[in-house]
Amino acid sequence: FGNNDHGIAGRARKYRVTLDPRMDSTSPTGEASVHDDAMKESALNATVYPPASFVNNAHVSSLKQYNDMYRESVDRPAKFWGKIADELYWHTPYDKSKPVHSFNFDVRKGPISISWFPGGKTNLCYNAVDRHAASDPKGTALLWEGNETNQDEVVTWAQLKERVCQLANYLRSVGVGKGDNVTIYLPMVPHLVISMLACARIGAVHSVVFAGFSADALASRLVDSKPKVVLTSTGTMRGAKPIPIKKVVDAGIKLSKDKGVHVERVVVYDHPALPLAQCNWDESIDANWSDVVDTQPKDSPVEWMDSEDPLFRLYTSGSTGTPKGVLHTTGGYMVGTYATFKYVFDHKPDDVFWCTADAGWITGHSYLAYGPLIAKAKCVVFEGVPTYPDAGRCWDIVDKYGVTVFYTAPTLIRSLIRFGDDVVNSRDLSTLRLLGSVGEPINPEAWKWYHEVVGKRKCPIVDTWWQTETGAHMITPLPGAFAQKPGSASRPFFGVVPTLVDSQTGKELPPGPGEGVLCIKGAWPSMMRTVAGNHQRFEETYFSTYPGFYFTGDGARRDEDGYFWITGRVDDVINVSGHRIGTAEVESALVEHDKCAEAAVVGYEHDIKGQAIYAFVVMKEGVEFTAEMKKELVMTVRSIVGAFAAPDTIHWCPTGLPKTRSGKIMRRILRKIAAHEEDGIGDTSTLADPAVVNTILEWRGN
Ligand code: PRX
């Protein structure tokens with residue numbers, strides 16, 4: 001950083017942070033080359049203070065205020081969360097004579113259970129839409145930007161309510177009610193957000209499946225959740241590429257039918273990218289959105305839901321088995337997403353908020369839809385891709401709508417860096433006041449570019465660590481409260497008690513600097529309640545490895561200031577471009593190919609994607625491994641899981657995989673080979689056949 005070789009950097013390098021909010025990180029302090037090693041070193045250790053102009057108006061504006069609020073949130077949760085919950089509408093207030101939450105995190109003491117806001121009745125849709133439609137009907141709710149630069153639409157609060165009510169009425173008319181499942185497979189059009197809200201309004205449990213998943217992946221989610229209705233579109237455009245969405249749904253439904261699951265209705269939005277007339281149409285199941293939804297009455301009653309009634313399920317990958325339906329409930333998720341949105345994004349009424357995540361992932365659920373809408377933020381919803389029609393598209397959108405808070409993933413930042421600073425500098429980004437990062441660790445170089453080139457050194461960066469399971473931010477800077485360190489997610493959000501556990505002993509590390517497995521002590525409002533239909537799997541995955549704690553699956557380091565640095569997954573989950581992919585899923589897809597006998601998949605470092613997928617394959621007897629075969633294997637994964645899970649490298653293992661005598665694949669060795677760190681392979685004597693490693697190395701590049 002320009003200011004690293006001056007006062008701030010001196011202190012930062014030693015991590016000794018004495019917060020001085022008056023310190024303005026934007027003060028010009030000289031230029032330095034990023035390529036200089038010394039600068040790189042200090043960039044890694046830098047501490048960046050929020051500018052005074054930001055601090056002065058922030059909801060939380062000092063470390064002391066943060067500390068006081070944090071202490072209260074942990075020591076007196078009823079008082080702390082009560083104040084936040086009271087900012088929202090409860091049809092029946094929760095019972096304040098009872099503890100605000102009750103939970104058991106210890107499998108040895110009985111089933112894992114979590115509940116918040118006992119006896120309360122509320123509705124997410126009412127809080128996210130009706131309140132604002134009543135107070136500010138003409139105000140902007142959604143700013144939709146299509147794939148093409150001339151496609152856009154403003155949806156006001158009143159319009160949003162009407163459209164949500166129409167869909168709610170339609171769903172009710174076909175017998176969907178409280179507790180029923182609805183699957184949503186839509187691109188980033190307003191219909192997607194409307195669909196989620198309509199389900200919430202009537203108490204139906206939505207399951208959004210990212211519209212980049214394959215028919216097989218969709219089918220397995222349909223089979224698990226058995227929805228009556230699927231909401232979808234004819235197609236979409238991703239850049240210059242038309243995507244036939246309904247075709248995938250048709251195939252998914254056919255596959256699920258073979259497994260005995262009968263979807264009754266498919267409601268199809270006629271997307272301009274692909275006219276309905278060009279889609280296969282089955283009158284007995286398909287319905288045109290404009291015929292059946294847009295003709296409904298524009299008002300519809302709200303179903304009042306108990307705090308612990310399910311809101312949605314969202315499938316996510318783990319290290320083993322099929323994706324899990326992570327189940328979130330009503331009251332806690334509402335309060336958690338609202339509180340984090342308000343404090344982490346320091347929300348102000350004039351903000352224009354843009355979260356680039358697709359609503360098919362948790363980031364889109366919590367910070368494209370629920371959190372911002374509950375807080376009455378104006379939200380940009382973008383259907384296209386960041387590089388179409390050119391690499392300046394994101395910055396054009398910031399410029400066009402006057403975006404003030406921009407929230408994205410490091411992979412997007414890294415992919416845009418290579419187009420050069422001019423692409424950014426030629427757009428007016430002066431409205432930006434806060435930047436966010438999510439999904440994977442952000443490397444300090446990308447952080448620095450984001451801070452300097454996009455944020456012009458005046459925007460704090462919130463590096464938010466959280467998960468599908470946690471529902472809302474867990475470890476993150478509060479932008480005006482304390483300094484940020486590039487690459488560190490910093491301190492816990494209110495009510496979150498992270499701890500580091502020694503993976504060998506299962507014991508908590510003592511306070512202070514250390515590195516271990518990241519666990520959470522005690523329940524927070526927005527946490528998942530179960531794996532839909534499989535509570536045992538919930539307990540085994542998250543609560544059995546380190547009894548008494550919620551196990552995150554991540555490793556982390558804590559520095560002397562109590563800042564957390566997430567080091568990545570400690571299980572067999574690969575994080576590709578911020579998307580979580582289970583190695584088991586890719587492996588089972590590869591062996592679906594009739595010529596593939598065995599597969600083992602590991603992650604390796606990738607400049608843009610963070611991690612990429614490296615697949616080791618063993619072919620069936622007599623099968624020749626050719627370039628064509630490689631392509632077929634990649635295609636198999638694309639069609640079974642989805643394009644984003646396609647392996648970057650396929651490595652043939654002619655004499656098999658490295659296995660122990662008991663038949664366990666030694667992934668440690670495979671990770672070293674994938675990383676081109678042959679010297680680090682180490683001891684192979686425990687392998688059933690140590691020579692296998694040499695054969696694998698010989699076949700690199702084939
Ligand atoms: O490994 C962590 C990584 O993403 C995982 C959660 O993935 P998912 O459930 O798909 O949710 C992604 C969006 C919340 C985590 O276990 N991760 C997420 N955010 C960060 C991160 N790793 C480092 N820094 C982050 N800010």
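Residues numbered from 1 in each chain as written. Predicted model: local features only at pLDDT ≥ 70, side-chain atom pairs only at ≥ 80, totals over all residues. Heavy atoms only, no water.

1. Focus on the overall build of the protein
Counted only if it meets this: Only DSSP runs of H or I covering at least 4 residues are called helices, and only runs of E covering at least 2 are called strands; the numbering of each starts at the N terminus. Radius of gyration here is computed from C-alpha atoms only, and the compact-globule reference equals 2.2 Å multiplied by the residue count raised to the power 0.38. Buried means the residue's accessible area, taken with a 1.4 Å probe over protein chains only, is under 20% of the maximum for its type, while exposed means over 50%, and partly exposed covers the values in between. Two residues qualify as a contact provided that any one of their heavy atoms is within 4.5 Å of a heavy atom in the partner residue. Per-residue and other accessible areas follow the Shrake-Rupley method at a 1.4 Å probe size, with only the shown protein chains counted as cover for residues.
The secondary structure content of the protein amounts to 22 helices and 30 strands. Rg of the C-alpha trace for the protein: 25 Å, near the compact-globule value of 27 Å for 702 residues, within the 12% margin. Counting only C-alpha atoms and orienting by the principal axes, one finds that the protein spans roughly 70 × 70 × 60 Å. The buried share among the 702 residues of the protein stands at 60%. Across the protein, contacts joining residues at least 24 apart in sequence account for 73% of those joining residues at least 6 apart. As presented, the protein carries roughly 26300 Å² of accessible surface, and 51% of it is formed by carbon and sulfur atoms.

2. Regarding the UniProt feature "domain: AMP-dependent synthetase/ligase" (unreviewed entry) in the protein
Worth spelling out the cut-off: UniProt positions are given in the numbering used here, feature names are shortened, and annotations may be inferred rather than shown by experiment.
UniProt records the feature "domain: AMP-dependent synthetase/ligase" (unreviewed entry) for residues 130-529 in the present numbering. Note that residues 130-529 is 32% helix and 22% strand, and that its end C-alpha atoms are spaced 27 Å apart.

3. Observations concerning the sheet that holds strand E21 (residues 497-501)
Where we set the bar: In this scheme, strands are said to pair when DSSP sees at least two bridges between them. To get an axis, a line is fitted to the C-alpha atoms, and for a helix only the part in contact is used. The angle between two axes follows their N-to-C directions and goes from 0 to 180 degrees.
Spatially, the four strands line up as an open sheet ordered E21-E22-E24-E25, and their pairing is antiparallel. The outermost strands of the open sheet, each flanked by one partner alone, are E21 and strand E25 (564-569). Neighbour to neighbour, the strand axes of the sheet diverge by 45° on average, direction disregarded. Pairing of E21 with strand E22 (residues 514-521), which is carried by five bridges, proceeds in the antiparallel orientation. Bridge pairing in E22 links Thr499 to Cys519.

4. Some points on unusual backbone geometry
Residue Pro389 is reached from Tyr388 by a cis peptide bond, and omega for that bond is 0°. Looking at the secondary structure, you find Pro389 in the loop between strand E17 (378-382) and helix H14 (393-401). A positive phi angle is found at Lys226, which is not glycine, with a value near 45°. Positive phi is not limited to glycine here, since Arg457 has a value of about 60°. Within the secondary structure, Arg457 is located in the loop between helix H17 (444-454) and strand E20 (461-464).

5. Observations concerning the side chain of Thr695
Inspection of the secondary structure puts Thr695 in helix H22 (residues 691-698). The exposure class assigned to Thr695 is buried, which follows from its relative accessible area of 16%. Beyond its immediate chain neighbours, meaning those up to four positions away, Thr695 contacts Pro654 and Thr655.

6. Describing the UniProt feature "domain: Acetyl-coenzyme A synthetase N-terminal" (unreviewed entry) in the protein
UniProt annotation of "domain: Acetyl-coenzyme A synthetase N-terminal" (unreviewed entry) refers to residues 66-128 when read in the numbering used here. The distance separating the terminal C-alpha atoms of residues 66-128 is 27 Å; by composition the span is 38% helix and 16% strand.

7. Digging into the environment of Gly175
Here Gly175 shows up in the loop between helix H7 (157-173) and strand E6 (181-185). Take Gly175: its relative accessible area is 37%, and that puts it in the partly exposed class. Separated by 59 residues in the primary sequence, Gly175 and Trp116 have C-alpha atoms spaced 30 Å apart.

8. A look at the nonpolar core
The criterion, for reference: Nonpolar core, defined: a set of buried Ala, Val, Leu, Ile, Met, Phe, Trp, Tyr and Cys residues in which side-chain atoms within 4.5 Å join the residues together.
Judged by nonpolar contacts, the single largest core of 125 residues is most densely connected at Leu160, Leu197, Phe353, Tyr370, Leu478 and Phe494. Looking at this core, the element that brings in the most residues is helix H8 (residues 190-202), giving nine residues. Ignoring sequence-local partners within four residues, the contact set of Leu160 consists of Val129, Ala141, Leu142, Val155, Ile194, Leu197 and Leu373. With 41 residues, the next largest nonpolar core counts Phe210, Ala599, Ile613 and Trp652 among its residues.

9. Re the confidence of the model for the protein
Note that predicted coordinates carrying low pLDDT should not be read in detail. Applied cut-off: Values of pLDDT, which run from 0 to 100, indicate the predictor's confidence residue by residue.
With 93% of its residues at a pLDDT of 70 or more, the protein shows a mean pLDDT of 92. Looking over the protein, one finds the lowest element-wise mean pLDDT in helix H1 (residues 7-13), namely 29, and the highest in H8, namely 99. Across residues 1-42, confidence stays below pLDDT 50; counting only partners more than four residues off in sequence or on other chains, it has 87 contacts. For this predicted complex, the interface confidence score (ipTM) comes to 1.00, while the overall pTM stands at 0.92.

10. Regarding the packing of aromatic side chains
Definition in use: Side-chain rings of Phe, Tyr and Trp (the six-membered ring for Trp) are treated as a pair once their centres are within 6.5 Å; stacked means planes under 30 degrees apart, edge-to-face means over 60, and tilted covers the remaining angles. Charges are assigned to positions over rings by a cutoff of 6 Å between ring centre and Lys NZ or Arg CZ, combined with an angular limit of 35 degrees from the ring normal.
In this structure the tally under the stated criterion is 47 aromatic pairs. Ring plane angle 50° and centroid distance 5.8 Å describe the contact between Phe213 and Trp361, whose orientation is recorded as tilted. Taken as a pair, Phe213 in the loop between strand E7 (205-208) and helix H9 (215-225) and Trp361 in the loop between strand E16 (352-355) and helix H13 (362-374) lie far apart in primary sequence, 148 residues in all. Under the relative-accessibility criterion, Phe213 is labelled buried at 9%. Using a relative accessible area of 17% as the deciding quantity, one classes Trp361 as buried. Both rings, one in Tyr604 and one in Tyr614, keep their centres 5.4 Å apart while their planes meet at 85°; by these two values the pair is edge-to-face. With Tyr604 in strand E28 (residues 596-606) and Tyr614 in strand E29 (residues 610-619), this residue pair connects regions lying ten residues apart in the sequence. Here Tyr604 matches Tyr614 in class, with each residue buried. Over the ring of Phe213 we find Arg221, and its NZ or CZ is 4.3 Å from the ring centre. Positioned over the ring face of Phe482 is Arg491, at 4.8 Å from the centre of the ring.

11. Description of the packing of helix H15 (residues 410-417) against H17
Heads up, the rule is: Our angle categories are set so that under 35 degrees counts as roughly parallel, over 145 as roughly antiparallel, 65 to 115 as roughly perpendicular, and the remainder as oblique. Under the grouping applied here, Gly and all other residues not named as nonpolar or charged are polar, the nonpolar ones being Ala, Val, Leu, Ile, Met, Phe, Trp, Tyr, Cys and Pro and the charged ones Asp, Glu, Lys and Arg.
Remark: H15 packs on H17, axes separated minimally by 10 Å, with the N-to-C direction vectors making an angle of 75°. In terms of orientation, H15 and H17 fall into the roughly perpendicular class. Facing H15, whose interface residues are Ile413, Arg414, Leu416 and Ile417, H17 presents Ala446, Trp449 and Tyr450. Taken together, the residues of the contact of H15 with H17 break down into six nonpolar, no polar and one charged.

12. Here's the deal with the site of the ligand
Heads up, the condition is: Whether a residue is near a molecule or strand depends on its heavy atoms: if one lies within 4 Å, it is near. We call two N or O atoms a polar contact when they sit within 3.5 Å, provided that within protein one can donate a hydrogen and the other can accept it, with sequence-adjacent residues counted only if both atoms are side-chain atoms.
Around the ligand there are 17 residues in total, and Asp463, Thr464, Thr468, Asp554 and Arg580 lie nearest to it. Here a nitrogen atom of the ligand and a side-chain polar atom of Asp463 are 2.8 Å apart. Take Asp554: an N or O atom from its side chain is 2.6 Å from an oxygen atom of the ligand. Secondary structure elements with two or more residues in the shell around the ligand: H13, E20 and E25. The class makeup of the residues in the shell around the ligand is six nonpolar, six polar and five charged.

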